[in-house]
Amino acid sequence: GLGGWVSGLPRFIPTEDDPKDLGSFLDFRFDFSPTLSPWSGFLAIYVRVSDAASRKKGTASGVVTFQVQSPPGRGETDLRTSTVTVPVTFSIIPKPPRAKRILWSQYHSVRYPPGYVPRDSLDVKSDILDWHGDHLHTNFHKMYDYLVSSGYYLEILGSPLTCFDADEYGAVLLVDSEEEYSPAEIAKLEHDVKRKGLGVAVFAEWYNVQQMESMKFFDDNTHSYWTPVTGGGNVPALNDLLQPFQISLGDRVLKGTVMLKSGEPIVYASGCDVAEAPSGAHVHKAHLVDHSKNSVDGVAVAKGRKPGSNSEHAVAVFLDEKVITALGDSFGSAPKDLSDSYGSSKDSSGSPKDSNAVASGEAPKDLNDSQQQVGRVSVFGDSNCLDSSHSSSECFPFLVRVLKFLTEKDDTTGLTPGDGSKRVAEKYQPYGESWVSPKRRTDIDFDKLSTTKGGRPGNEGRATCGGANGPLQFMDADFRLTSVYAVSDWSARQAKNVIGSRQPNWRQ
């Protein structure tokens, strides 16, 4: 038939006639749309390797089988039923070392549609919307390929930062993020860095309210005025996330070329500035042009400089474990019960989690020495050099050096010179103590576009850890036992009702 629906429950049948096949170690979960049509409808498959195969290497295969039903054809009264069998094969490898496992946060990307999320590079006039997905499978695919060829293993997190086990990953990548961060996420990330040795790499974007207001336009399709809901990135939200590390980003819109390592120039397309950094941080500066609407360089204002002239700005900051240890912690500000954020108050074995460990500032009792190490943090004010959409030059080697600095504690990358030439002796505050951090727009209802704030924009992820693509240990017991997340008989009932209500000559 032209349309149909999935009938019954899809299932995976592992290969049994080959004793070396690892198909029995695969965990399959399914979801599907209520109806199937030639240009719409889906069958989603979530595949995981069970813990029992964490050290195994080989091939896992089997077949996915399900039934599809459709209405009866001309002269028929019974539903049409077809059985679909799809062979699948996977290559299984042992779990990689922690330093090579990188987590990409997709949850914190807000894209067009439904909101007007502006382009990251303001020099691109022909493409005003940030609509390429900001995903490892789309405009960040080249970056993904480069990291894989460099020996790294990337996983995509479609849930909040409270929904992953930091002991399993060397670093988390927060690239071009527009989403808000909840208090629980902020508290957990601080805990993961200061108690579990997690590395955090932030690649920010421009954010300037006056710049956003100047990008307002009248859309002929909707017959309404459109104005950006945020900048290229959500700097106020990032500042909330980075507050425990005493790092703040500014609202300059900087363009030019930076040199964090001799012989490796990086094009700074439309990035922000580093406005604050703690004592002891490694701060990199460059002479760039500030094109923000409220800047000396963006408009003609007196101060002895011409519009468009170069001036020195901080563009990157790197914190090693010495600096982070000196900062202390603020775990007491975390919610006293993070069970809702973690998705369940029990662990994968069904035992209660110690959800108050983060809030009280006490390290979990089962932490070993390697887990008690302190992690590192890196912040770079622009992400265009990682984005393949409109990048004029790529900075993938720089990203690899950042990951080595974070996950391997490598101080020979050139990012943290041993002579201390980039280390600031006092807290870095180029604009003085009276400087005010960039504010959120008050004339825009960003909450309806933010999953964190309770909106339902249709982006990937949920505000809790119960999503189908989340780690099993963060799901409640009932959800972990569910292999199919959809209901298969809704369309069947509807089709039978339609058939029963037809007139004898309905085709004429």
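Here, the structure is the one placed above.
Being a predicted model, the structure only gives us computed values, none of them experimental. (Residues numbered from 1 in each chain as written. Predicted model: local features only at pLDDT ≥ 70, side-chain atom pairs only at ≥ 80, totals over all residues. Heavy atoms only, no water.)

**Here's the deal with the pattern of salt bridges**
Opposite charge on two side chains allows them to pair when their charged atoms are near. Following the criterion strictly, the structure yields 20 salt bridges and no others. In this structure, Lys194 engages Glu190 in a salt bridge whose closest nitrogen and oxygen atoms are separated by 2.9 Å. Highlighted residues: Lys194 and Glu190, both in helix H2 (residues 183-196), separated by four residues, approximately one helical turn. Across the pair, exposure class does not vary: Lys194 and Glu190 are buried alike. Look at the salt bridges and you will find they share partners, linking Lys95, Arg101, Glu155 and Glu168 into a network. (Salt bridge = Lys/Arg side-chain N within 4 Å of Asp/Glu carboxyl O. Helix = DSSP H or I, 4+ residues; strand = E, 2+ residues; numbered from the N terminus. Buried < 20%, exposed > 50% of the residue type's maximum accessible area, 1.4 Å probe, protein only.)

**Remarks on the side chain of Glu180**
Here Glu180 lies in the loop between strand S8 (171-175) and H2. For Glu180, a relative accessible area of 5% gives the class buried. Reaching out from Glu180, the side chain makes a polar contact with the side chain of Asn234 at a distance of 3.1 Å. Residues in contact with Glu180, not counting those within four places in the same chain, are His108, Glu185, Asn234, Ala237, Arg440, Phe446, Ser450, Thr452 and Lys453. (Polar contact = N/O pair within 3.5 Å; in protein donor to acceptor, adjacent residues only side chain to side chain. Contact = heavy atoms within 4.5 Å.)

**Things to note about the state of the cysteines**
This model, assessed by the stated rule, comprises two disulfides. Disulfide partner of Cys385: Cys395, at an S-S distance of 2.0 Å. Its S-S torsion of about 55° marks the bond between Cys385 and Cys395 as right-handed, since a negative value means left-handed. Here Cys395 lies in the loop between strand S18 (377-380) and helix H8 (396-407) and Cys385 lies in the loop between S18 and H8, a separation of ten residues in the sequence. The class for Cys385 is buried, based on a relative accessible area of 1%. Take the cysteines of the chain that form disulfides and number them in order along the sequence; they join up as 1-4, 2-3. (Disulfide = S-S within 2.5 Å.)

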